[in-house]
Amino acid sequence: MIKKVLFLFVAVGCLGPPVWAAGVEEDAAAATDGCAERYQALVAKEREAQQAFYAVYREAKTDEERQKAMASRPSPDAMAPDFLALAKECPGTKTATDSLAWILMRSRQGDAREESIRLLRKKYLKSEHLAAVIPALSRSGGKSSEALMRAALKKSPHRDVRWTACFYLAQSLKSDLRSLRYMKTLEGEQRDSWAKAVGEEQVARLEKLDPAKQAQKIETLFARVVEEFGDVDGGRRTLGEAAT
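Read on for a plain summary of the structure. (Residues numbered from 1 in each chain as written. Predicted model: local features only at pLDDT ≥ 70, side-chain atom pairs only at ≥ 80, totals over all residues. Heavy atoms only, no water.)

1. Points about the side chain of D176
Then comes step 1: As for its position among the elements, D176 is in helix α10 (residues 159–183).
Then comes step 2: According to the relative accessible area criterion, D176 is buried, its value standing at 4%.
Then comes step 3: Discounting residues that sit within four places of it in the chain, D176 has contacts with Q202, R205, L206, L209 and Q214. (Helix = DSSP H or I, 4+ residues; strand = E, 2+ residues; numbered from the N terminus. Buried < 20%, exposed > 50% of the residue type's maximum accessible area, 1.4 Å probe, protein only. Contact = heavy atoms within 4.5 Å.)

Here it is in structure tokens:
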């Protein structure tokens with residue numbers, strides 16, 4: 001089983017991103033209310049702002065001009081409240097979960113991230129749409145993200161949500177273990193700089209991890225993916241086939 005699980009780490013990498021990354025269709029009611037159009041308008045607005053920034057940055061000739069351009073770089077954090085507001089105004093729709101996934105993927109600071117996780121746990125734990133958010137949730141890291149994935153694995157009535165939660169929870173724990181090992185190689189100013197980048201809260205969380213226990217949790221979760229969700233279509237093959 002250990003060899004199978006280790007193989008799964010590599011083989012399952014062929015799985016493409018969930019449908020939210022490519023965009024999803026709205027149900028008729030949401031489309032009538034204009035939720036989908038509003039989401040696409042927000043995405044376009046943020047994309048255009050980023051494109052305008054890069055155009056200015058590419059034209060910069062001196063370090064001073066480049067520093068000035070960087071100072072005006074638009075931050076996704078500034079738009080996170082708009083996506084959160086849209087999620088609240090379109091409850092129960094794929095627009096809502098797309099909006100929350102956008103926040104988790106793009107925003108790095110501010111209250112919108114934690115509020116998005118709270119909203120997902122309160123309103124969407126039993127929703128089939130949660131499967132589309134979990135990959136973004138796993139990349140966001142943190143105690144609250146892990147707790148939501150565990151809750152989805154345990155309580156969701158939808159198999160797609162459960163296997164997605166199981167797989168991406170394992171990936172998230174694996175990422176934490178990798179970060180812990182890297183952190184232990186750093187010293188002095190280099191470690192201080194890294195800690196500042198990831199945040200003291202994340203550093204404190206990583207320091208509490210037991211590497212051996214963390215590795216066992218990862219192996220157990222991937223084994224569960226194979227045993228309970230081995231027939232899931234991963235594109236070229238099922239998860240079970242990928243592990244044999």
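2. A closer look at the packing of aromatic side chains
Then comes step 1: The tally for this structure, following the rule as stated, stands at eight aromatic pairs.
Then comes step 2: Summarising the aromatic geometry, the rings of F53 and Y57 are spaced 6.0 Å apart at their centres and angled 35 degrees between planes, so their arrangement reads as tilted. Here the residue F53 and the residue Y57 both occupy positions in helix α3 (residues 35–59), the gap between them amounting to four residues, near one helical turn.
Then comes step 3: Since its relative accessible area comes to 5%, F53 is described here as buried.
Then comes step 4: With a centroid separation of 4.9 Å and an interplanar angle of 80 degrees, the aromatic rings of F167 and Y168 are classed as edge-to-face. The exposure classification of F167 matches that of Y168, with both residues buried. (Phe/Tyr/Trp six-rings, centres within 6.5 Å; stacked < 30°, edge-to-face > 60°.)

3. Comments concerning the layout of surface pockets
Then comes step 1: Taken as a whole, the largest pocket spans an internal volume of roughly 960 Å³.
Then comes step 2: Forming the boundary of the largest pocket are 35 residues, of which R113, S140, G141, G142 and V198 lie nearest the centre.
Then comes step 3: At the level of elements, α7 (112–123), α8 (134–140), α9 (143–155), α10, α11 (188–198) and α12 (200–207) are the ones that each hand at least two residues to the lining of the largest pocket.
Then comes step 4: Counting residues per element, the lining of the largest pocket draws most heavily on α10, which supplies seven residues. (1 Å grid on protein atoms, 1.4 Å probe; cavity = no way out; pocket = protein on both sides within 12 Å on 5 of 7 lines; lining within 4 Å. Points joined across faces, edges and corners; volume = space filled by probe spheres on them.)

4. Considering the packing of helix α5 (residues 76–89) against α7
Then comes step 1: Where α5 meets α7, the axes come as close as 10 Å, and the angle between the chain directions of the two elements is 20 degrees. With respect to α7, the element α5 is oriented roughly parallel. Here the hand of the crossing between α5 and α7 comes out left-handed. Residues A80, P81, L84, A87 and K88 of α5 form the contact with α7, whose participating residues are A112, E115, S116 and L119.
Then comes step 2: Partitioned by chemical class, the residues of the contact of α5 with α7 number six nonpolar, one polar and two charged. (Axes fitted to C-alpha atoms, helices over the stretch in contact; angles between N-to-C directions. Parallel < 35°, antiparallel > 145°, perpendicular 65-115°, else oblique. Left-handed = near helix turned anticlockwise from the far one by under 90°. Nonpolar A, V, L, I, M, F, W, Y, C, P; charged D, E, K, R; others polar.)

5. A short note on the pattern of salt bridges
Pairs may arise between side chains of opposite charge once their charged atoms sit close together.
Then comes step 1: Overall, the coordinates contain ten salt bridges when judged by the stated rule.
Then comes step 2: Its salt-bridge partner being E89, residue R38 comes within 2.2 Å of it at the nearest N-O pair. In this pair, R38 sits in helix α3 while E89 sits in helix α5, placing the two residues 51 residues apart along the sequence.
Then comes step 3: Assessed through its relative accessible area of 37%, R38 is described here as partly exposed.
Then comes step 4: E115 is paired through a salt bridge with K88; the nearest N and O atoms lie 2.3 Å apart. Of this pair, E115 sits in helix α7 while K88 is found in helix α5, placing the two residues 27 residues apart along the sequence.
Then comes step 5: Judged by relative accessible area, E115 falls into the partly exposed class, the value being 25%.
Then comes step 6: Note on K88: relative accessible area 45%, which makes it partly exposed.
Then comes step 7: Each of E146, R150, D176 and R205 takes part in salt bridges that share partners, so that together they form one network. (Salt bridge = Lys/Arg side-chain N within 4 Å of Asp/Glu carboxyl O.)

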